[in-house]
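Results of the structural survey
Here are the chains, one letter per residue:
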Amino acid sequence: MIILIVSIALPALVLIVGQEAGRGVESEIRVTATNVAQQLLEEIKTECFDNASVSGATCVQTAAASTTLGPEAGEITLALYDDVDDFNDLTPASLGTTPCTDTVPVNNVTFTRQVEVCYVNQGDLNTCVDTAPVAGSCNRTIAAGSQTDYKKITVTVTAPGTNWNSSVVLTTVVTNY
């Protein structure tokens, strides 16, 4: 009799324990994805507002802000990115290709990072005033005179489907002040 009860209960117990173990890993991956996103966002915020404001070691706006958001010619490594919108095309490996992402391995899980930078108006910090990237390019372009003193930065970090298959999205706005 006892063997019959144990043989019925054991598979259900194993199933419950297995599901709970998976949930623990999911929360750890979510925290790691958030940390990866926060690290990249903080790195971006250390740069100048715009390429027109890069002047040696300082960030002083000396001309109208750029009408192209993305890395300028010659910025072929992340170390050469000198303003926030350079990260709109995240990695030199993705220059001129889409999607503009890179990958970061952390604890045997490879996360995908993507950054979108766009101008926004002071009255509507959620809506980009520039056009979406042209097919085949990660850079965004806007009409001259449409630049604003606000750029929205959105960092998205995604874990592979075998681990979590969801994304963490962090957004901030930087100003030209």
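Keep in mind that this is a model prediction, so the values were computed, not measured.

Let's talk about the pairing of strand β4 (residues 101–106)
Note that β4 and strand β5 (residues 109–121) share six bridges and pair antiparallel. Bridge assignment links Pro 105 to a residue of β5, and that residue is Thr 110. Linking β4 back to β5 in an antiparallel pair, the connection comprises two residues, with Asn 107 at a positive phi of about 50 degrees.

Considerations on the nonpolar core
Grouped together as the largest cluster of nonpolar side chains are 26 residues, with contacts concentrated most on Ile 44, Phe 111, Val 115, Ile 153, Val 155 and Val 157. Breaking this core down by element, the ones donating at least two residues are α1 (2–45), β5, β8 (150–158) and β9 (167–175). A total of seven residues in this core trace back to one element, the largest contributor, which is α1. In this view, Ile 44 contacts Val 84, Phe 87, Val 115, Ile 153 and Val 155; residues no more than four positions away in its chain are not counted.

Quick word on the environment of Thr 103
Here Thr 103 lies in strand β4. C-alpha separation for the pair Thr 103 and Gln 114, spaced eleven residues apart in sequence, amounts to 8.9 Å.

So, unusual backbone geometry
With a phi close to 50 degrees, Asn 107 is a non-glycine residue in the positive phi region. Topologically, Asn 107 is positioned in the loop between β4 and β5. Given a relative accessible area of 63%, Asn 107 falls into the exposed group. Phi angles above zero are rare outside glycine, and Asn 108 is one such case at about 65 degrees. Along the chain, Asn 108 turns up in the loop between β4 and β5. On the basis of relative accessibility, which here comes to 83%, the residue Asn 108 falls in the exposed class.

About the cut-offs
Residues numbered from 1 in each chain as written. Predicted model: local features only at pLDDT ≥ 70, side-chain atom pairs only at ≥ 80, totals over all residues. Heavy atoms only, no water. Pairing = 2+ DSSP bridges. Helix = DSSP H or I, 4+ residues; strand = E, 2+ residues; numbered from the N terminus. Core = buried A, V, L, I, M, F, W, Y, C linked by side-chain atoms within 4.5 Å. Buried < 20%, exposed > 50% of the residue type's maximum accessible area, 1.4 Å probe, protein only. Contact = heavy atoms within 4.5 Å.

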